Amino acid sequence: MRDWKKIGGKLLFPHPAVTALLAAFAFALLIYGFLALNETHPLRIGSYALSFYALVIVCLRLPSLIRYGKKIRQENPYLRRYAADVRLRMNLSLLIACGVNSAYALFQLCLGIRHHSAWFYAMAGYYFLLGLMRLMLIRYTGKHAPGERQAIEWKKYRICGVCLLLMTLALTIFIIYFIFRIREFAHHEITTIAMAAYTFSALTMAIINTFRYRRYGSPVYSAAKAISLVSAVVSVLTLENAMLTAFGRESSELFRRIMLGMTGLAVVSVVQCTAIYMIGHAKKMLRAHQKENDPAQRQEETGEKIHDGK
């Protein structure tokens, strides 16, 4: 009986290194089975069983893996600083996102010049604006602490709102291409599932961070998370088109156009409302900041109120 318990413990709780290697191998085998093997191939069927076993042992090991990760973070000075320094995390995330946006915008621009396609020009404009906004924010966050210069931060917040408002022009071209299928988007089912996992993860984290970073009282941080939220929302439109192409081949053209049109309208509305709110809120806060730091104007307004009271 003890031997069976020992064997069961070894099978369900293997060494963390074995768990990681087995999970990676099972994932690679599963992808290979989907891409290169037919549904009745023994290796593909075996990949299902191996993937299920890998998922079970990873879930059972998850609490210990979390504790191990926390232990490493506490012992490593770099990870400890990264976890405690909000400004460092913001700068790194902005720097990485800015680099990716800029490189992708340049790539799309080259494709637009080569193929003379408005689609690639719209993509280049969209990612160029994302990279430009993040570059503007990281130039500020690299020199100043959050909330240090409120007036300048609110101006940058307003500029980001204006850029998001201009971005709706590129989004309109996206929607026209999606609805009328001027450009075909055909992805493999595995690619579509990966896109869905990324999109929902990015959208969830963007929503959480939008509220989380408000407590720091920095308009620049709020603007950065608003940009991430808009980028994730736009990804939903691309995901829906990919899913309809991959899994909705039997659906009618009218149904596809209605769904993409409704989603496109919702996405553009969210971007426009976010941009208008950012512009209006920044204008209001700048006016309040100016009154607060202008004693003459504050005294004049106070005198007018007293005069009216008399």
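Here, every reference points to the structure presented above.
Nothing here was measured: the structure is a model prediction, and the numbers come from that model.

Thresholds, definitions, all that
Residues numbered from 1 in each chain as written. Predicted model: local features only at pLDDT ≥ 70, side-chain atom pairs only at ≥ 80, totals over all residues. Heavy atoms only, no water. Helix = DSSP H or I, 4+ residues; strand = E, 2+ residues; numbered from the N terminus. Buried < 20%, exposed > 50% of the residue type's maximum accessible area, 1.4 Å probe, protein only. Contact = heavy atoms within 4.5 Å. Areas by Shrake-Rupley, 256 points an atom, 1.4 Å probe, with all protein chains shown as cover. Expected span 1.5 Å × (residues − 1). Phe/Tyr/Trp six-rings, centres within 6.5 Å; stacked < 30°, edge-to-face > 60°. 1 Å grid on protein atoms, 1.4 Å probe; cavity = no way out; pocket = protein on both sides within 12 Å on 5 of 7 lines; lining within 4 Å. Points joined across faces, edges and corners; volume = space filled by probe spheres on them. Nonpolar A, V, L, I, M, F, W, Y, C, P; charged D, E, K, R; others polar. Patch = residues over 30% accessible without salt bridge, like charges linked within 9 Å, V, L, I, M, F, W, Y side chains within 5 Å. Salt bridge = Lys/Arg side-chain N within 4 Å of Asp/Glu carboxyl O. Lys, Arg positive; Asp, Glu negative; His and termini not counted. Charge placed at Lys NZ, Arg CZ, Asp CG, Glu CD.

1. A few points about the overall build of the protein
Here's step 1: Each helix and strand in the protein was counted, giving 11 helices and 0 strands.
Here's step 2: Secondary structure elements in the protein, listed N-terminal to C-terminal, are α-α-α-α-α-α-α-α-α-α-α.
Here's step 3: Burial analysis of the protein (310 residues in total) assigns 33% to the buried set.
Here's step 4: Nonlocal contacts in the protein, meaning residues at least 24 apart in sequence, comprise 74% of its contacts between residues at least 6 apart.
Here's step 5: Accessible area of the protein: about 19400 Å², with a carbon and sulfur share of 67%.

2. Description of helix H9 (residues 219-247)
Here's step 1: The end-to-end C-alpha distance of H9, which contains 29 residues, comes to 42 Å, matching closely the 42 Å that a straight helix rising 1.5 Å per residue would cover.
Here's step 2: Of all 29 residues that make up H9, 21 are buried, and the element is covered over most of its length.

3. Describing the packing of aromatic side chains
Here's step 1: Scanning the entire structure with this criterion turns up 4 aromatic pairs.
Here's step 2: Aromatic pair Tyr104 and Tyr127: ring centres 4.8 Å apart, planes at 80°, arrangement edge-to-face. With Tyr104 in helix H5 (residues 86-115) and Tyr127 in helix H6 (residues 118-141), the pair connects residues that are 23 residues apart, well separated along the chain.
Here's step 3: Ring plane angle 80° and centroid distance 5.2 Å describe the contact between Trp154 and Tyr157, whose orientation is recorded as edge-to-face.

4. Notes on the environment of Ala122
Here's step 1: Examined against the element boundaries, Ala122 turns out to sit in helix H6.
Here's step 2: As a C-alpha pair, Ala122 and Phe174 span 52 residues in sequence and 7.5 Å in three-dimensional space.

5. A look at the layout of surface pockets
Here's step 1: In this structure, the largest pocket encloses a volume near 1200 Å³.
Here's step 2: Lining the largest pocket are 43 residues, with Asn101, Tyr127, Tyr198, Ser231 and Ser235 sitting closest to its centre.
Here's step 3: At the level of elements, H5, H6, helix H7 (150-180), helix H8 (189-212) and H9 are the ones that each hand at least two residues to the lining of the largest pocket.
Here's step 4: When its residues are assigned to classes, the lining of the largest pocket shows 27 nonpolar, 10 polar and 6 charged.
Here's step 5: When its volume is computed, the second largest pocket comes out at roughly 380 Å³.
Here's step 6: In terms of lining residues, the second largest pocket is bounded by 16 residues, among which Tyr157, Thr210, Arg214, Ser222 and Tyr277 are the most central.
Here's step 7: When contributions to the lining of the second largest pocket are tallied by element, the ones reaching two or more residues are H7, H8, H9 and helix H10 (253-292).
Here's step 8: Top contributing element to the lining of the second largest pocket by residue count: H10, with 5 residues.

6. Considerations on a positive patch on the surface
Here's step 1: A cluster of like positive charges, contributed by Lys155, Arg158, Lys283 and Arg287, occupies part of the molecular surface.
Here's step 2: The set of elements that each furnish at least two residues to the positive patch consists of H7 and H10.
Here's step 3: Along the chain, Lys283 falls in helix H10.
Here's step 4: Take Lys283: its relative accessible area is 48%, and that puts it in the partly exposed class.

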